[in-house]
Amino acid sequence: RQQLVIIQRYIHRMPRNVFHAAERRASVVIPLCNVNGVASILFERRSSKVRTHKRQVCFPGGMLDEGVDSTIIQTSLRETEEEIGIPREKIEVLGILRCKWHEVANMAGNAGNPPGG
């Protein structure tokens, strides 16, 4: 638990500047977990039946749904529950890693924010 507090403090000290807003926003979760007493990062492998990025290893995440999500954190929790089945009430969000959204959008076609939890 002490290591999580250290990570959380570091995240909260990161700059909070938003340089440019992006039209399309997405969230990618960096799930931290404990596997047999070892701190780990949880990845998922995409299905071969999806439209894009078939069978790629990735973090859970997806597009903000303005009709459902009022914050990017809600997007993260919803997508994590949908994709890997972890109920949102079992997830502790440590913070949001800030980025220059316009740079991410230029590379990926949308702007993503990775919450860690």
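A few points on the structure. (Residues numbered from 1 in each chain as written. Predicted model: local features only at pLDDT ≥ 70, side-chain atom pairs only at ≥ 80, totals over all residues. Heavy atoms only, no water.)

This part covers helix H2 (residues 72-84). Along its 13 residues, H2 runs 18 Å from first to last C-alpha, staying within 8% of the 18 Å computed at 1.5 Å per residue. Turning to H2, its buried residues are Ile-72, Thr-75, Ser-76, Leu-77, Arg-78, Glu-79 and Thr-80. Taken from the residues just after H2, Gly-85 is the one with a positive phi, measuring 80°. (Helix = DSSP H or I, 4+ residues; strand = E, 2+ residues; numbered from the N terminus. Expected span 1.5 Å × (residues − 1). Buried < 20%, exposed > 50% of the residue type's maximum accessible area, 1.4 Å probe, protein only.)

This part takes up the pairing of strand S3 (residues 38-41). Alignment of strand S2 (residues 32-35) against S3, held across four bridges, turns out to be antiparallel. Along S3, the bridge assignment pairs Asn-34 with Ala-39. (Pairing = 2+ DSSP bridges.)

Bringing the packing of aromatic side chains into the picture now. Per the counting criterion, the structure on display carries one aromatic pair. Between the aromatic rings of Phe-43 and Phe-59, the centroid separation amounts to 4.9 Å while the plane-to-plane angle is 15°, which identifies the pairing as stacked. With a gap of 16 residues between them, Phe-43 in the loop between S3 and strand S4 (44-45) and Phe-59 in the loop between strand S5 (57-58) and strand S6 (61-63) connect regions that are remote in the sequence. Assessed through its relative accessible area of 25%, Phe-59 is described here as partly exposed. (Phe/Tyr/Trp six-rings, centres within 6.5 Å; stacked < 30°, edge-to-face > 60°.)

In the Ramachandran plot, Asn-36 falls in the positive-phi region, its phi being about 55° despite a non-glycine side chain. The phi dihedral of Arg-55 falls on the positive side, at around 60°, and the residue is not glycine. Looking at the element boundaries, Arg-55 is found in the loop between S4 and S5. Among the residues examined, Arg-55 registers a relative accessible area of 47% and is labelled partly exposed.

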